Amino acid sequence: MIHTNTTKNTFAITTPLYYVNDLPHIGSAYTTMASDAVARFQRLQGKDVLLITGTDEHGQKIQRTAETQGVDPQVHCDKIAAGFDVLWQKLNIQYDRFSRTTANRHQAIVKEFFMRVWDKSDIYLSQQQGWYCVSCEEFKEQRELLPGNRCSIHPNQEAEWRDEQNYFFRLSKYQKQLEELYQQRPDFIQPESRRNEVLSFVSQGLQDFSISRLNVDWGFPVPVDPSHTIYVWFDALLGYVTALLDPDSEATLDNALQKWWPINLHLIGKDILRFHAVYWPAMLMSASLPVTGQVFGHGFLTKDGQKMGKSLGNTLDPVELVDKYGADAIRYYFLKEIEFGRDGDFSETRFIDIVNADLANDLGNLLNRTLGMAKKYCQGIVPALTGSDISQVNPLLEIGLDLGSKVARAYESLAFSQACQKIFTLIRASNKFLDQQAPWSLYKQGKQQEVEQVLYTVLESVRLAAYLLSPIIPSISTEIYKQLGFAIDFSQKEHIFLAAPYVSHASWGVLPQNQKLGKPKPVFARLELT
Ligand code: MSP
């Protein structure tokens, strides 16, 4: 379960702050879509939500990228950061803060934090020797490297040998406190497999890590020694804190931490788990700050069963994908098809088959034909029934009654795929019910009351399904609600809780009797493989 604040009604969630060495890839889109679904679900629950995303703009990787392209690093960062925003708009991501680590206010936060840790005597100068992967921006143990000193995550790149004076953070001092944290809060790291990875890493004994660089200009100067710049990860993790500042408040730690701290959930990919589940809590402990709520490390995506990479020539451009197929289809595929936490695959044919089967056929057609019948047999209005007029042995009512709570539990555990499966049980049962009950022949037999019962039941089931799916496919859900006669837009984040709170709309029997139904039109046009 997600760590929620019991005393406060706030919910702060972060995506990673993405590197701006290149335009966003599908991995960044994946984490962001999942975070957006969580944020939307929490808003329906009435939480005051802050979804934080942003960009990680310092360090050697970005400096080199800008140099290679012959542009000023800040100009380069501005351009790529804007590209992220374009994608988030297209994917219907409702973020609240976009944190950029080159912002001036961020420098003030990093400086203040650094000095707190410095005053704790947790920073010291020493010699750093080791293999550095510039793409990971991380020192690697010899045993972690592939032959030829190549990093396993970036096998086409050699790690570089470093031997220089750096400032170090006393991570080793926090070994015991971290172990206590993992024991006392077993769900701090999720899923379980990632937690075990971290426990095993920590049990091998933690070593201090360097938090400054001597020959990298593109970073903030170390406050106590400007001949060094601050290591990009030390700087980037604090971007989460800077993001909490109100736009017009002064950049101090106190201001930043006032309302939203501790952040409830960091959603990340498995490759950056150590930073979030080991280094980051230790940094916070050193600064005498409460540790964040939970770190969830999701799996990696492959394409057609193969690792994606530029050198392999099989990258998946999220902008192209969303332009071609639309946001809801992409959001649905990745969140429904891949068990969150495990690795998963994208294949275009499978993608098309799934969204056509689920969204166009099972969901879209169901609504379309039921609305058509309601028009014909009930003058286009919701039959004058309420949930309590429906027989208790009705199969859809049986599924619908506790679906809201089951789906809530799935969302709370970030089990998006399970949430979808449970919702689609109702949709599939509705299709079956409609076929079995055959309201068209009931109508011919003059059984108007029965016709109305069947249609009410199915329309209400589609409504409930659309509501519960809204964190994942907000535009389709909005369209379904519209055709059912509601004026509710699931992307109106400031009003959605008042308009359609989970406590009422996730229950059975909400469709108001005599509500005028909208014009039936397909909510999801079938996709073709081109
Ligand atoms: N800048 C750091 C994060 C700093 S957070 C304070 C970073 N950025 S990143 O742009 O490289 O990574 C972005 C995210 O994409 C990570 O969560 C990473 O796990 C994820 N992915 C990168 N490739 C991926 C796949 N092939 N599949 C799924 N996610 C992947 O790391």
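Coordinates for the structure precede this section.
Residues numbered from 1 in each chain as written. Predicted model: local features only at pLDDT ≥ 70, side-chain atom pairs only at ≥ 80, totals over all residues. Heavy atoms only, no water.

A closer look at the overall build of the chain
Our working definition: Helix and strand definitions follow DSSP, with helices as H or I runs of at least four residues and strands as E runs of at least two, each counted in order from the N terminus. Within these notes, the globule rule equals 2.2 Å times the number of residues to the 0.38 power, and the radius of gyration is based on C-alpha atoms. The criterion used for residue contact is that any of the two residues' heavy atoms lie within 4.5 Å. Here the open area of atoms and residues is found with the Shrake-Rupley method and a 1.4 Å probe, where only the protein chains shown may cover a residue. Under this rule, positive means Lys or Arg and negative means Asp or Glu; His and the chain ends count for nothing. Note that the charge is assigned to NZ on lysines, CZ on arginines, CG on aspartates and CD on glutamates.
From N to C terminus, the chain includes 21 helices and 16 strands. Taking 24 Å as the expected radius of gyration for a compact globule of 530 residues, we find that the chain reaches 26 Å, a close match to that expectation. The contacts of the chain with a sequence gap of at least 6 include a subset with a gap of at least 24, amounting to 78%. Here the chain displays about 21,600 Å² of accessible surface, and carbon together with sulfur accounts for 49% of that area. Each charge class in the chain can be summarised by its mean position, and for the 53 positive and 60 negative side chains these summaries are 6 Å apart.

Quick word on the sheet that holds strand β11 (residues 225-230)
Quick reminder of the rule: Pairing between strands is defined by DSSP: at least two bridges between the two strands are required.
If you trace the three strands from one edge of the open sheet to the other, you get β9-β11-β10, paired in antiparallel fashion. The sheet is open, and its two edges are formed by β9 (212-213) and β10 (221-222), each paired on a single side. Pairing between β10 and β11: two bridges, direction antiparallel. Paired with Pro221 across the two strands is Thr229, which belongs to β11.

Let's talk about the nonpolar core
Basically, it comes down to this: Buried Ala, Val, Leu, Ile, Met, Phe, Trp, Tyr and Cys residues form a nonpolar core when they are joined through side-chain atoms within 4.5 Å. The buried label applies to any residue whose accessible area, calculated with a 1.4 Å probe on protein chains only, is under 20% of its type's maximum; exposed applies above 50%, and partly exposed to all values in between.
Grouped together as the largest cluster of nonpolar side chains are 176 residues, with contacts concentrated most on Leu91, Phe113, Leu178, Phe334, Phe351, Leu363 and Phe416. It is helix α13 (residues 348-378) that contributes the most residues to this core, 14 residues altogether. Beyond its immediate sequence surroundings of up to four residues, Leu91 is in contact with Ala29, Met33, Val322, Ala327, Ile330 and Arg331.

Here's the deal with the packing of aromatic side chains
Spelled out, the test is: What counts as a ring pair is set by centres within 6.5 Å for rings of Phe, Tyr and Trp (its six-membered ring), and what kind of pair is set by the plane angle: stacked under 30 degrees, edge-to-face over 60, tilted for all other angles.
Considering all chains together, one arrives at 39 aromatic pairs under this definition. Summarising the aromatic geometry, the rings of Phe41 and Tyr502 are spaced 5.5 Å apart at their centres and angled 85° between planes, so their arrangement reads as edge-to-face. Here Phe41, found in helix α1 (residues 26-44), pairs with Tyr502, found in helix α21 (residues 502-505); they are 461 residues apart in sequence, far enough to count as distant. What makes Tyr502 buried here is its relative accessible area of 7%. On the basis of an interplanar angle of 90° and a centroid distance of 5.4 Å, the ring pair of Tyr333 and Phe334 is categorised as edge-to-face.

Thoughts on the environment of Tyr240
Here Tyr240 is to be found in helix α8 (residues 239-242). For the pair Tyr240 and His106, spaced 134 residues apart in sequence, the C-alpha to C-alpha distance is 9.6 Å. Ignoring any residue separated from it by four or fewer positions in sequence, one finds Tyr240 in contact with Thr14, Thr15, Pro16, Leu17, Ile52, Ile263, His266, Ile268, His276 and Trp280.

Things to note about the pairing of strand β13 (residues 294-298)
Stated precisely, the cut-off is as follows: Here is how to tell: hold the view so the strands point away, follow the path from the first strand over the helix to the second, and if it runs clockwise the crossover is right-handed.
Taking burial as the measure, the five residues of β13 include five buried ones, the bulk of the element. Every second residue of β13 is oriented toward a common face, with Gln294, Phe296 and His298 on one face and Val295 and Gly297 on the other, all of them buried. Relative to β13, strand β7 (residues 189-190) runs parallel, the two being bridged by two bridges. Of the residues in β13, the one forming a bridge with Gln190 is Phe296. Examined bridge by bridge, strand β12 (residues 265-269) and β13 share five bridges and lie parallel to one another. Within β13, the position partnered with Leu265 by the bridge is Gln294. In the classification by handedness, the crossover that spans β12, the intervening helix α10 (residues 273-286) and the parallel β13 is right-handed.

Brief notes about the sheet that holds strand β4 (residues 123-133)
Note the cut-off: Orientation is described by axes fitted as lines to C-alpha atoms, over the contacting stretch for helices, and by angles from 0 to 180 degrees between their N-to-C directions.
On the basis of which strands lie adjacent, the open sheet formed by four strands has the order β5-β4-β6-β8 and antiparallel pairing. Each end of this open sheet is capped by a strand with a single partner; those strands are β5 (138-140) and β8 (209-210). For β4 and strand β6 (residues 160-169), the ladder comprises 10 bridges, and the chain directions are antiparallel. In the sheet register, Trp131 faces β6, and the bridge partner there is Trp161. Against the sheet, α10 touches β5, β6 and β8, its axis set at about 30° to β6.

Some remarks on the pairing of strand β3 (residues 97-100)
Each regular strand displays side chains that alternate between the two surfaces of the sheet. By the alternation rule, side chains of β3 split into Arg97 and Ser99, which are all buried, and Phe98 and Arg100, of which none is buried. The pairing of strand β2 (residues 48-56) with β3 spans four bridges and is classified as parallel. Across the sheet, residue Gly54 finds its bridge partner in β3, namely Ser99.

Let's talk about the site of the ligand
For clarity, the cut-off: Residue proximity to a molecule or strand is established when one non-hydrogen atom of the residue lies within 4 Å of it. Polar contact criterion, stated in full: a pair of N or O atoms within 3.5 Å, where within protein one must be able to donate a hydrogen and the other to accept it, and residues adjacent in sequence count only if both atoms are side-chain atoms. In this count, Pro and Cys sit with the nonpolar residues alongside Ala, Val, Leu, Ile, Met, Phe, Trp and Tyr, while Asp, Glu, Lys and Arg are called charged and the others, Gly among them, polar.
Taken together, the neighbourhood of the ligand is formed by 21 residues, with Leu17, Asp56, Gly269, Asp271 and Leu301 sitting nearest. Within the contact set of the ligand, an oxygen atom lies 3.2 Å away from a backbone nitrogen or oxygen of Tyr19. Backbone polar atom of Gly269 to an oxygen atom of the ligand: 2.9 Å apart, as the coordinates give it. Considering the ligand on its own, with 670 Å² of exposed area, one finds that the protein chains cover 91% of that surface. When residues of the shell around the ligand are assigned to their parent elements, the largest contribution, four residues, is made by strand β1 (residues 10-19). The residue makeup of the shell around the ligand, split by class, is 12 nonpolar, seven polar and two charged.

Quick word on the pattern of salt bridges
The test is simple: One speaks of a salt bridge when a side-chain nitrogen belonging to Lys or Arg is within 4 Å of a carboxyl oxygen belonging to Asp or Glu.
Here the structure, examined in full by the defined rule, presents 31 salt bridges. Among the salt bridges present, the one from Lys173 reaches Asp122, with a minimum N-O distance of 2.6 Å. Note that Lys173 is positioned in the loop between β6 and α5 (175-184) and Asp122 in the loop between α4 (104-119) and β4, a separation of 51 residues in sequence. For Lys173, a relative accessible area of 43% gives the class partly exposed. Among the salt bridges present, the one from Arg150 reaches Glu158, with a minimum N-O distance of 3.6 Å. When its relative accessible area of 28% is taken as the criterion, Arg150 is described as partly exposed. What emerges from the salt-bridge pattern is a single network uniting Lys336, Glu337, Arg350, Asp358, Asp362 and Arg428.

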